[in-house]
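# Examining the three-dimensional arrangement
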Amino acid sequence: MRIGIVGIGFTEFGIHKEPFYNLAFTAAKRALDDAGIERREVDSFILGGYDNLGVGRTISNMYTAPAAGAYLRHEIRVSDDALFALPLAYMRLRHRSDVTMLLAFGHSSETPIELVELQSLDPFFHRPLNLTLPAFFAMQSYAYRSRYDVDDEKLAEVVVRMREKGSKSSLAFLRDKVKVEDVLNSEIVSYPLRKLEMAEWCDGCVALILAEETVAKRIADEIVWLDGVGWSVENYYFDREFHRLPFVTKSAEMAFKMAKKERRDVEALEICDLTVDYHCMILEALGFAEEGGGWDYNGDVNSSGGALCTNAYGSTGVFLLANLAMRIRKGEIDCGLAQSMSGYAQKSCVAILEG
Amino acid sequence: MEVKEFEVWWKIPFKHSAGLHATKFFEGLKEGKILGVRCEKCGRVLVPPRAFCERCHTETSEWVEVSDEGVVKTLTVTYMKFTGLPDPPYAVGVVKLDGADTGMLCFLGGIDLSDWRKVHETFKPGTRVKAVWKEEREGKITDIEYFRPLD
């Protein structure tokens, strides 16, 4: 039995005045409309997004479940980047669900996420030392650049390429092109990371309608099949090498094995480049570039502009996946891979899609 | 119509149990000692200490004192001001102490942090460092004020 995506609904990605549950409602309605089905035809709701203080309500699905349409229905959530809800949606569909909605919510604009995420760290060893997300990301950047002697200009060129792609996407949050000198002259946030080398927070929701094969074929003509999904988690404490991401490799291995596919089958990638260094490190960990050579990758990566252009913290992974699915649906590509990371770059999820 | 906004602050007290392993570690800091635990299976010395080795999934029991000198694995210096966090600049790094097999997060200091170029001349992966202890210690990770470069 295969599982397919038959409906996709995006909100605009930006800084919204409307609260996250109203955006969630909009995405859910658009996905239902896109699939051409009614809410009553969805028998399972899976919600994904950071269930912390990012939206100031610690059990945020209390608000997003009704917005998705789960009023007195079967609902469960994953408190993480929403791509990590995809395995749960897949498993639900393999076990007596005909149609499942995956709703991804991200709303970063109401609070300083750096301060919120600091509270996710232990209160004994790491939190007292003010290890913000940018500081942690920067420590990985430092290790990566130092290990491979990667030139700042080469990394800036990657940012320029991604922003160029973002400028062509009507869904992207940051659509202004930048030049190499803009990147290199942008403010140092946490050395060596500059402002334009990092993803910027925004708000936005995405909903997907997924269905098991028989039902999917009844609902839609253009189905995007979920062939494989994999995920992996790194240690919390620092016994890791900072210049590479082995948990990304593990998550990809799991997804490829399930999909019975090879890297050469994948025509396009959407990866969660929360920093320009992660862009390179993820390509390397996925096996699409040599170690230290991710900046030179000239394949089809992040046509959406990636996280560097759109990072609604919590829905980013599904935003990337949905962009990939749209391309498959349009016939631009047959097979693609989407990847996301969460929290302090400790976890990775990979999905392989096919038309 | 302008959408109304409500400004809200959270202030919630917690009393977190550090557990026996962290407690022993913090008591050691008071005496100017850094303690780790050895995993009986893989032999690695884990700092900060914990009740089990994550890699082997076995309990740890043998306590080991490690040096307050070590080598920087990676670092960063924060220059942007974030709400609720100290005024920049401040530097943190992961230091592998002599006698330990894992890295420990710590402040780095003892030099002018205002210019990242100069910081980079002193601190980089591979730089040897030594702990600078607070005179009055209270059994917290911040009893180590920072790690300074070793001449």
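Residues numbered from 1 in each chain as written. Chains lettered and ligands numbered in written order. Predicted model: local features only at pLDDT ≥ 70, side-chain atom pairs only at ≥ 80, totals over all residues.

Moving on to the overall build of chain A. For chain A, the count of helices and strands is 11 helices and 11 strands. A compact globule built from 355 residues should have a C-alpha radius of gyration of about 20 Å, and chain A, at 19 Å, falls within 12% of that. Reported as C-alpha extents along the three principal axes, the dimensions of chain A are approximately 55 × 45 × 40 Å. Long-range contacts, defined here as pairs at least 24 residues apart, represent 77% of the contacts in chain A between residues at least 6 apart. (Helix = DSSP H or I, 4+ residues; strand = E, 2+ residues; numbered from the N terminus. Rg over C-alpha atoms; globule rule 2.2 N^0.38 Å. Contact = placed C-beta atoms within 7 Å.)

A separate point is the interface of chain A and chain B. Each side of the interface is counted separately: chain A has 31 residues, and chain B has 35 residues. Where the side of chain A that touches chain B is concerned, the elements lending two or more residues are helix 4 (113–118), helix 5 (133–148) and strand 5 (188–191) of chain A. When residues of the side of chain A that touches chain B are assigned to their parent elements, the largest contribution, 6 residues, is made by helix 5 of chain A. Its residues assigned to classes, the side of chain A that touches chain B shows 20 nonpolar, 7 polar and 4 charged. Pairing geometry for strand 5 of chain A and strand 5 (residues 69–78) of chain B, over 2 bridges, is antiparallel. For Tyr191(A), the partnering residue across the bridge sits in strand 5 of chain B and is Val77(B). (Nonpolar A, V, L, I, M, F, W, Y, C, P; charged D, E, K, R; others polar. Pairing = 2+ DSSP bridges.)

Attention now goes to the environment of Arg145(A). Residues and elements named next belong to chain A. Of note, Arg145 is situated in helix 5. The class for Arg145 is buried, based on 20 C-beta atoms found within 10 Å. Setting aside its immediate chain neighbours within four residues, Arg145 contacts Val150, Pro192 and Asp277. (Buried ≥ 20, exposed ≤ 12 C-beta atoms within 10 Å, placed from the backbone.)

Looking now at helix 11 (residues 316–330) of chain A. Side chains that are three or four residues apart share a direction in an α-helix, a result of its 3.6 residues per turn. Residues and elements named next belong to chain A. Here helix 11 is 15 residues long and its end C-alpha atoms lie 21 Å apart, about the 21 Å a rise of 1.5 Å per residue gives. For helix 11, the buried fraction is high: 12 of the 15 residues fall into the buried class. Two residues or fewer past helix 11, Gly331 is found with a positive phi of approximately 85 degrees. (Expected span 1.5 Å × (residues − 1).)

Moving on, we get to the pairing of strand 1 (residues 34–39) of chain B. All names here are of chain B. Counting buried residues along strand 1, 5 of its 6 residues qualify, which places the element largely inside the surrounding structure. Where strand 1 meets strand 4 (residues 58–66), 6 bridges bridge the pair, whose relative direction is antiparallel. Across the sheet, Leu35 pairs through a bridge with Glu65, a residue of strand 4. Both strand 1 and strand 2 (residues 45–46) contribute to a ladder of 2 bridges, which runs antiparallel. By the bridge assignment, Arg38 is partnered in strand 2 with Val45. Remark: 5 residues form the turn of the hairpin made by strand 1 and strand 2, two consecutive strands paired antiparallel; Gly43 in that turn has positive phi of roughly 80 degrees.

Here 4 strands make up an open sheet; going across it, the order is 2-1-4-3 (chain B) and the pairing antiparallel. Looking at the sheet topology across the chains shown, the edges are occupied by strand 2 and strand 3 (52–53) of chain B.

Residue and element names in this part refer to chain A. Core analysis: the biggest nonpolar cluster contains 176 residues, and Ala24, Leu102 and Leu103 have the highest contact counts within it. Each of domain 1 (3–113 + 202–223) and domain 2 (130–200 + 226–354) contributes no fewer than three residues to this core. Setting aside residues no more than four positions away along its own chain, Leu103 makes contact with Ala24, Ala27, Ala28, Phe45, Leu47, Thr64, Ala68, Cys205 and Ala207. (Core = buried A, V, L, I, M, F, W, Y, C linked by C-beta atoms within 7 Å. Domains from an automatic or database assignment.)

Once that is clear, we can look at the sheet that holds strand 1 (residues 3–10) of chain A. All names here are of chain A. In spatial order, the strands read 3-2-4-7-1-8-11-10-9; together these 9 strands make up an open sheet with mixed pairing. The open sheet has two edge strands, strand 3 (75–79) and strand 9 (268–270), and neither has a second partner. Looking at each pair of strands side by side, their axes are set apart by 25 degrees on average, direction ignored. For strand 1 and strand 7 (residues 203–212), the ladder comprises 7 bridges, and the chain directions are antiparallel. For Ile5, the partnering residue across the bridge sits in strand 7 and is Leu210. (Axes fitted to C-alpha atoms, helices over the stretch in contact; angles between N-to-C directions.)

All names here are of chain A. For helix 1 (residues 20–35), which comprises 16 residues, the first-to-last C-alpha distance of 23 Å matches the rise-based estimate of 22 Å (1.5 Å per residue) to within 8%. In this structure, the buried side of helix 1 is in contact with strand 1, helix 2 (61–68), strand 4 (99–107), strand 7 and helix 8 (213–219). Among the residues trailing helix 1, Gly36 stands out with phi positive, at a value near 75 degrees.

It is worth spelling out the domain arrangement of chain A at this point. Residue and element names in this part refer to chain A. Under the domain assignment used here, chain A contains domain 1 (3–113 + 202–223) and domain 2 (130–200 + 226–354). Taking only C-alpha atoms into account, the centre of domain 1 sits 23 Å from that of domain 2. Facing 33 residues of domain 1, the contacting portion of domain 2 comprises 27 residues. Listing elements by their share of the side of domain 1 that touches domain 2, those giving two or more residues are strand 1, strand 2 (44–49), helix 3 (86–93), strand 4 and strand 7. Residue composition of the side of domain 1 that touches domain 2, grouped by class: 20 nonpolar, 9 polar and 4 charged.

This part covers the environment of Pro112(A). Residues and elements named next belong to chain A. Residue placement: Pro112 occurs in the loop between strand 4 and helix 4. You can call Pro112 partly exposed: it has 16 C-beta atoms within 10 Å. As for Pro112 and Phe10, which are separated by 102 residues in sequence, their C-alpha atoms are 24 Å apart.

This part covers the packing of helix 6 (residues 152–167) of chain A against helix 10 (residues 276–286) of chain A. Residue and element names in this part refer to chain A. Viewed as axis vectors pointing N to C, helix 6 and helix 10 meet at an angle of 90 degrees, and their least axial separation amounts to 9 Å. On the basis of the axis angle, helix 6 is roughly perpendicular to helix 10. Of the residues in helix 10, those in contact with Leu155, Val158 and Val159 of helix 6 are Val276, Asp277 and His279. Residue composition of the contact of helix 6 with helix 10, grouped by class: 4 nonpolar, 1 polar and 1 charged. (Parallel < 35°, antiparallel > 145°, perpendicular 65-115°, else oblique.)

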